[in-house]
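# Coordinates in review
Chain by chain, the residues:
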Amino acid sequence: MLELSVEQFRSLSQIIYQKLGLYFDDRKLYFLKTRVSRRMAILGLDDPKDYLFKIGYGDPQGQEMQELANLITTNETYMFREYEQLQAFANYCVPEVLSAKQAIGDRSLRVWSAGSSSGEEAYTLAMIIQEIFPQAEYWDCMIVATDIDENMLRRVRTARYGNRSIKDVPEEYRRKYLIEDCGEYVVRSRTACLVRTQHLNLSDRIAMRSMGGFDFIFCRNVLIYFDELSRRAVVDHFYNALNPGGYLFLGHSESVGRVTTAFKLKQFESHLVYMKE
Ligand SMILES: C[S@@+](CC[C@H](N)C(=O)[O-])C[C@H]1O[C@@H](n2cnc3c(N)ncnc32)[C@H](O)[C@@H]1O
């Protein structure tokens, strides 16, 4: 087994923090060690010092950081996750945003699933929008699924899922929006076509500045891996990327109250959502 000293682990986690915003404390030493040893075996390196040098100074295009990111991110996801929050989206937020847009003759709708993993969240949002707003077909409607992990984005593009991913899809939605194929489920093309993928590192300030014009941003179960400082930077970018009247949805445990007061906090039944005024 690879010998990674505590100092080497800390240097590595510092580089990861700077590049990805993800914070690995000392309890994650074993986890990082197993991932790094996989990369070192592929690269034919024996000494962790050489790996630290490579990722710190010999990776100008960020390819090695990308390979490592693919191994260290947590990709757990499934459709209709945190169902009650989605009800707030469907019952209150979408109707409110749509009527404001209809009033000014704007027929576009932009949704961003940030940290989309394999895409279950993005397709869930597409199904909900088509269900509650059938005219979406005649609108310029797009859901942008972004992630740092390219393997996940490839899976988004297949729009093909196993039983675990669809376990919480209501039966009616399953029949309407998914097709069973060889024991798996494929999102029907009229729904899948609303989703686009884009590779994006939430800690890349330049890339984040290029994102804008969104009515809804979902970033759930992503920022738990960030520390307060990197989380604040991401949430500030989300604020700028939202249209006035737009909403940010975070995971249950990821309050932005502590990181920004820019958003107006709104409560729909038991759910708190963040609105840009
Ligand atoms: C646990 S999944 C969340 C999936 C989905 N949002 C959900 O709630 O089910 C977290 C995702 O965030 C992505 N991620 C982590 N750090 C990131 C970063 N710096 N930039 C972009 N995506 C990142 C991971 O690759 C992973 O796919």
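### A few points about the sheet that holds strand 2 (residues 140-147)
- The seven strands are arranged 6-2-1-7-8-10-9 in an open sheet whose pairing can be described as mixed. Both edges of this open sheet fall to strand 6 (195-199) and strand 9 (264-268), since each of them pairs with a single strand only. Strand after strand, the sheet turns through a mean of 25° between neighbouring axes, direction not considered.
- Two elements, strand 1 (residues 108-114) and strand 2, share seven bridges in a ladder whose sense is parallel. Note that in strand 2 the partner of Ala114 across the bridge is Thr146.
- Strands strand 2 and strand 6 of the sheet are contacted by helix 7 (residues 150-158), whose axis makes an angle of about 165° with strand 6.

### Structural notes on the domain arrangement of the protein chain
- Split into domains, the protein chain comes out as domain 1 (6-72) and domain 2 (83-275).
- The straight-line distance from the C-alpha centre of domain 1 to that of domain 2 is 30 Å.
- Listed per partner, the contact involves eight residues of domain 1 and twelve residues of domain 2.
- Mapped by element, the contributors of at least two residues to the side of domain 1 that touches domain 2 are helix 1 (6-20) and helix 4 (63-72).
- Take the side of domain 1 that touches domain 2: its biggest share by element is three residues, from helix 4.

### Considering the site of the ligand
- Taken together, 25 residues form the shell around the ligand, and within it Thr73, Thr77, Gly115, Ser117 and Ile148 come nearest.
- For the shell around the ligand, the residue count by class is eight nonpolar, eleven polar and six charged.
- Taken domain by domain, the shell around the ligand gets at least three of its residues from each of domain 1 (6-72) and domain 2 (83-275).

### Regarding the packing of helix 2 (residues 29-43) against helix 4
- With their axes 10 Å apart at the nearest point, helix 2 and helix 4 run at an angle of 135° to one another. Considering their axes alone, helix 2 and helix 4 lie oblique with respect to each other. Taken as a pair, helix 2 and helix 4 cross one another with a handedness that is right-handed. Facing helix 2, whose interface residues are Leu32, Arg35, Arg38 and Arg39, helix 4 presents Glu67, Leu68, Leu71 and Ile72.
- Here the residues of the contact of helix 2 with helix 4 are counted per class, giving four nonpolar, no polar and four charged.

### With respect to the environment of Glu84
- Residue placement: Glu84 occurs in helix 5 (residues 83-103).
- Its 12 C-beta neighbours within 10 Å are what place Glu84 among the exposed residues.
- Glu84 sits 185 residues away from Glu269 along the chain, and the two C-alpha atoms are 9.1 Å apart.
- If we skip the residues at most four places from it in the chain, Glu84 touches Ser270 and His271.

Procedures and definitions
- Residues numbered from 1 in each chain as written.
- Predicted model: local features only at pLDDT ≥ 70, side-chain atom pairs only at ≥ 80, totals over all residues.
- Pairing = 2+ DSSP bridges.
- Helix = DSSP H or I, 4+ residues; strand = E, 2+ residues; numbered from the N terminus.
- Axes fitted to C-alpha atoms, helices over the stretch in contact; angles between N-to-C directions.
- Contact = placed C-beta atoms within 7 Å.
- Domains from an automatic or database assignment.
- Near = placed C-beta within 6 Å.
- Nonpolar A, V, L, I, M, F, W, Y, C, P; charged D, E, K, R; others polar.
- Parallel < 35°, antiparallel > 145°, perpendicular 65-115°, else oblique.
- Left-handed = near helix turned anticlockwise from the far one by under 90°.
- Buried ≥ 20, exposed ≤ 12 C-beta atoms within 10 Å, placed from the backbone.

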